[in-house]
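A structural walkthrough
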Amino acid sequence: MGLSRERKQEYFEKMEGLLDMYSKIFIVSCDNVGSKQFQQIRIALRGEAVVLMGKNTMMRKVVTAYLVKNPGHPYEMLLPKIMGNIGFVFTNGDLGKVRELIEDNRVPAPARVGAIAPIDVIVPPGPTDCDPGQTNFFQTLQIATKIVKGRIEITSPVNLLKAGDKVGNSEAVLLQKLHINPFDYGLVITEVYDNGSMFDVKVLDLTDEDLSIKFGAALSTLSSLCLQVGYPTMASVPHSVANAFKSLVAIAVESGDAFSFAKASPFKAFLADPSAFACAACAGNTGSDAIAIEEKKEEEEEEEVDMGGGMDMFGDDGGGGDY
């Protein structure tokens, strides 16, 4: 039985109010999420976010009507996303915090026949509660076992299911016998809307350091491109100035005394007498550096000990003694 006209009107008003009130939206998939789990999720998000579910046709109708009242609004990006078993989580708070609250409220669930495995399922080796009379069941699944103390023991890990496989009756029964709940279900965030931008939820995994590295790489690429085409920007001007300075120094060095300027003098002086700068560098080794150099010299002197000229190969003071 569908909703009454009054309930539909109430839903339309509620969703339109949420669209006006909030600027950040998680688009979530809610497959295999029960009503009790929904209640726990709503309680966990209370004060941080609001969960809204509904029929796709009703949600599209509300968004379409909102766009008629607000032409050109970025909410038009939501329309292609309203498909399948999805819902919205509205918030104005920190996206990372709300995401953690959503992902923390997942519950373990058994493998049901016909369900699609969201992850790989590996049965670990070890003893089971199955008696030796159930050995044929394990042999049917090609699982190596042995009998230990009257119980069946799995001898090696078993790759029972891969992500995307459909759970069969035998796999479901085995996992039930072993008391293994391999899956966990909850709201799955598919995409994020934030103040007119739509992006994948993986973007929230980026840290400030990641953003700095990416920004630095983009800035380097931009400056290289601008330098190549000769188009000055804030990213390329410092490099252009440095390159121009190098060219002026090269001209000053090549022209000798005919042309020079203050900043070029050190370069010309170095080329005229490099040894003077080498001595200056040696003179700069003071403090710990000077101590380290002296210790190194002392070690070298100790290694070069004078063994004396009077000893022969047999250790006597004289040469050629008796054997």
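Residues numbered from 1 in each chain as written. Predicted model: local features only at pLDDT ≥ 70, side-chain atom pairs only at ≥ 80, totals over all residues. Heavy atoms only, no water.

1. Here we look at the overall build of the chain
Note the threshold: Starting at the N terminus, helices and strands are each numbered in turn, a helix being any DSSP run of H or I of at least four residues and a strand any DSSP run of E of at least two. By definition in these notes, contact holds between two residues if any of their heavy atoms fall within 4.5 Å. The protein chains shown are the only cover counted for residues, whose accessible areas, like all others here, come from Shrake-Rupley with a 1.4 Å probe.
When helices and strands are tallied, the chain shows eleven helices and twelve strands. Excluding contacts between residues fewer than 6 apart, the proportion of contacts in the chain whose partners are at least 24 apart in sequence is 69%. Accessible surface for the chain amounts to roughly 21,500 Å². Of this, 56% is attributable to carbon and sulfur atoms.

2. What about the packing of aromatic side chains?
Just so we agree on the cut-off: Aromatic pairs are defined between Phe, Tyr and Trp rings, using the six-membered ring for Trp, whenever the two ring centres lie within 6.5 Å; interplanar angles under 30 degrees are classed as stacked, those over 60 as edge-to-face, and all others as tilted. Residue exposure (1.4 Å probe, protein chains only): buried if accessible area is under 20% of the type maximum, exposed if over 50%, otherwise partly exposed. Whether a charge sits over a ring depends on NZ of Lys or CZ of Arg being within 6 Å of the ring centre and within 35 degrees of the ring normal.
Taken as a whole and judged by the stated rule, the model has ten aromatic pairs. Ring centres of F88 and F90 lie 5.9 Å apart, and the angle between their planes is 85°; this geometry places the pair in the edge-to-face category. Each member of the pair, F88 as well as F90, is classed as buried. Aromatic pair F259 and F261: ring centres 6.1 Å apart, planes at 50°, arrangement tilted. Site record: aromatic cluster; members linked through ring pairs are F245, F259, F261 and F267. For the cation-ring pair, K177 lies above F137, with the distance from its terminal atom to the ring centre recorded as 5.6 Å.

3. Brief notes about the sheet that holds strand β12 (residues 197–200)
Using the following cut-off: At least two DSSP bridges between two strands are required for those strands to pair. All axes are obtained by fitting lines to C-alpha atoms, using only the stretch in contact for helices, and the reported angles, taken between N-to-C directions, cover 0 to 180 degrees.
Strands sit in the order β2-β3-β1-β11-β12 across an open sheet of five strands; the sheet is antiparallel. Each edge of the open sheet carries a strand with a single partner, namely β2 (49–52) and β12. Adjacent strand axes in the sheet meet at a mean angle of 25°, parallel and antiparallel pairs treated alike. In terms of strand pairing, strand β11 (residues 188–194) meets β12 through four bridges, oriented antiparallel. By the bridge assignment, D194 is partnered in β12 with S197.

4. Some words on the sheet that holds strand β7 (residues 145–148)
Through backbone hydrogen bonds, the strands of a sheet pair up, either in parallel or in antiparallel fashion. Spatial ordering of the open sheet is given by β6-β8-β7, a layout of three strands whose pairing is antiparallel. The outermost strands of the open sheet, each flanked by one partner alone, are β6 (126–127) and β7. In terms of strand pairing, β7 meets strand β8 (residues 151–154) through four bridges, oriented antiparallel. In the sheet register, V148 faces β8, and the bridge partner there is R151.

5. A few points about the packing of helix α8 (residues 237–255) against helix α9 (residues 265–272)
Quick note on the threshold: Throughout this description, any angle smaller than 35 degrees is read as roughly parallel, any larger than 145 degrees as roughly antiparallel, any in the 65 to 115 degree range as roughly perpendicular, and the remainder as oblique. With the far helix as reference, a near helix turned anticlockwise by less than a right angle produces a left-handed crossing, and one turned clockwise produces a right-handed crossing. All residues other than Ala, Val, Leu, Ile, Met, Phe, Trp, Tyr, Cys, Pro, Asp, Glu, Lys and Arg, Gly among them, are scored as polar; the first ten of these are nonpolar and the last four charged.
Running from N to C, α8 and α9 point in directions that differ by 50°, and their axes come no closer than 9 Å. By the angle class used here, α8 and α9 are oblique. As α8 packs across α9, the resulting crossing turns out to be right-handed. Facing α8, whose interface residues are F245, V249, A252 and V253, α9 presents F267, K268 and L271. Of the residues in the contact of α8 with α9, the class split is six nonpolar, no polar and one charged.

6. Brief notes about a nonpolar patch on the surface
Operational definition: Only residues above 30% relative accessible area that lack a salt bridge enter a patch, with like-charged residues linked at up to 9 Å and the nonpolar side chains Val, Leu, Ile, Met, Phe, Trp and Tyr linked at up to 5 Å. Think of a salt bridge as a Lys or Arg side-chain nitrogen and an Asp or Glu carboxyl oxygen that are within 4 Å of each other.
A surface patch of nonpolar side chains, amounting to about 230 Å² of accessible area, comprises V203, L206 and L211. Residue position: L211 is located in helix α7 (residues 208–229).

7. Points about unusual backbone geometry
The backbone of Q142 sits at a positive phi, close to 60°, despite the residue not being glycine. Phi is positive for K149, which is not a glycine, with a value near 55°. Here K149 is to be found in the loop between β7 and β8. Here K149 falls in the exposed class, since its relative accessible area comes to 83%.

8. A word on the pairing of strand β1 (residues 24–29)
Each regular strand displays side chains that alternate between the two surfaces of the sheet. Within β1, six of the six residues are buried, which leaves the element mostly enclosed by the surrounding structure. Sheet analysis places β1 next to β11, joined by six bridges and oriented antiparallel. Of the residues in β11, the one forming a bridge with V28 is I189.

9. So, the side chain of K24
Defined as follows: All tallies of charge rest on Lys and Arg as positive and Asp and Glu as negative; His and the ends of each chain are not included. Pairs of N or O atoms within 3.5 Å make up the polar contacts considered here, provided that, within protein, one atom can donate a hydrogen while the other can accept it, and that residues adjacent in sequence are counted only when both atoms are side-chain atoms.
Tracing the sequence through the fold places K24 in strand β1. Despite its burial, K24 pairs with no opposite charge, the nearest such side chain being D194 at 4.7 Å. Only 3.1 Å separates the side chain of K24 from the backbone oxygen of G93, close enough to count as a polar contact. Ignoring anything within four residues of it in the chain, the contact list for K24 reads V89, F90, T91, N92, G93, L95, Y193, D194 and N195.

10. As for the pattern of salt bridges
In total, this model carries six salt bridges according to the counting rule given. Residue R99 pairs with E103 through a salt bridge whose shortest N-O separation is 3.2 Å. One end of the pair, R99, and the other, E103, are both in helix α4 (residues 95–104), four residues apart, so they sit about a helical turn from each other. Taking the relative accessible area as the measure of exposure, R99 reaches 14% and is therefore buried. Between D205 and R99 there is a salt bridge, and its shortest N-O distance comes to 2.6 Å. Here D205 is found in the loop between β12 and α7, whereas its partner R99 is found in helix α4, with 106 residues between them in sequence. Beyond isolated ion pairs, a larger network of salt bridges with shared partners links R99, E103 and D205.

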